[in-house]
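Architecture at a glance
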Amino acid sequence: ITTERMDVPLLAYDEYLVSRSIYSELNFQQENEKKETIRKSIPKRLKDSCSCTPVTARHKLKKFFPVLNWLPKYRWKEWFVHDLVSGLCTGLVATLQGLAFALLTEVPVGYGLYSSFFPILTYFFLGTSRHIAVGPFPVICLMVGQVVLAMAPDEKYIITNSTDSNGTMIDFEARDAARVVISSTLSFLIGIIQV
């Protein structure tokens with residue numbers, strides 16, 4: 001290692017010599033000058049982004065559906081039995097949770113099965129993690145249940161019945177149908193907001 005001045009001793013191998021020019025504001029502005037970006041028209045951008053070869057089409061398809069990427073590499077003999085057992089255990093837990101969370105959401109219990117089955121099925125094709133179980137969450141179910149109770153309380157579905165000793169009865173079918181519509185609409189709108 002040499003230096004420009006002769007009176008400065010040579011550096012040892014375990015030392016560093018940092019030498020750089022002085023950086024002024026003018027130098028900084030010239031180096032990092034903001035360049036004007038010319039925006040392409042929408043048809044030009046679509047043409048550039050949609051030009052597709054079979055290789056890029058396959059790559060984009062695998063990116064959108066990760067199952068196409070990992071399923072051909074799956075080691076059936078080594079992993080299938082373990083994955084089957086863990087899938088059954090996770091499925092049983094998710095099913096029981098779905099039933100319980102349907103009660104928290106104030107909808108018929110059968111809809112809890114839908115909320116525990118369809119997210120897992122969708123995540124199989126679109127998911128990127130092998131170590132995740134998706135489904136309903138208790139806090140969200142309680143919050144949706146509060147909205148459902150506020151918008152479709154039992155009092156709105158009381159039927160007067162002269163043959164009954166109490167004289168009133170609740171129309172459970174109409175109430176449950178309205179509650180399902182409210183919770184489904186709320187879930188759909190939240191999904192749109194998240195997307």
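Starting from 1, residues in each chain are numbered consecutively following that chain's sequence as written. Since the coordinates come from a predicted model, pLDDT governs what is reported: local features require at least 70, and pairs of side-chain atoms require 80 or more to be given and counted, while whole-chain, interface and lining totals use all residues. Here the side-chain values reflect all heavy atoms present in the structure, with hydrogen atoms and water set aside.

- An unreviewed UniProt entry lists the protein under the name SLC26A/SulP transporter domain-containing protein, with Aquarana catesbeiana given as the organism.
- UniProt positions are given in the numbering used here, feature names are shortened, and annotations may be inferred rather than shown by experiment. Note on the protein: under the UniProt heading Subcellular location (unreviewed entry), the record states "Membrane".

**What to know about helix H7 (residues 138–151)**
- Counting from the N terminus, the helices are the DSSP runs of H or I reaching at least four residues and the strands are the DSSP runs of E reaching at least two. In this analysis, the expected span of each helix is defined as 1.5 Å times one less than the number of residues it contains. In a regular helix each residue adds 1.5 Å, so 14 residues correspond to 20 Å; H7 covers 20 Å between its end C-alpha atoms and thus fits that length.
- Of all the positions in H7, only Cys141, Val144, Gly145 and Val148 are classed as buried. The arc that holds every buried residue of H7, seen down its axis, measures 110°, which confines them to one face. Turned more than 90 degrees away from the buried face of H7 sit Val139, Met143, Gln146 and Ala150, all of them exposed. We call a residue buried when its accessible area falls under 20% of the maximum for its residue type, exposed when it is over 50%, and partly exposed in between, using a 1.4 Å probe and counting protein chains only. The reported arc concerns the directions from the helix axis to the C-beta atoms and nothing else.

**Notes on the pattern of salt bridges**
- Salt bridge, as used here: a side-chain nitrogen of Lys or Arg that lies within 4 Å of a carboxyl oxygen of Asp or Glu. In this structure the tally under the stated criterion is 5 salt bridges.
- In this structure, the salt-bridge partner of Glu78 is Arg75, at a minimum N-O distance of 3.1 Å.
- Between Asp154 and Arg175 there is a salt bridge whose closest N-O contact spans 2.8 Å. Here Asp154, found in the loop between H7 and strand S1 (158–160), pairs with Arg175, found in helix H8 (residues 172–194); they are 21 residues apart in sequence, far enough to count as distant.
- Arg175 gets classed as buried once you look at its relative accessible area, which sits at 13%.

**A few points about the nonpolar core**
- Take the buried Ala, Val, Leu, Ile, Met, Phe, Trp, Tyr and Cys residues and link them wherever side-chain atoms come within 4.5 Å; each set so joined is a nonpolar core. Counting 6 residues, the largest nonpolar core is built from Val144, Val148, Ala152, Tyr157, Ala178 and Ile182.
- Going through the elements one at a time, H7 and H8 are the ones with two or more residues in this core.

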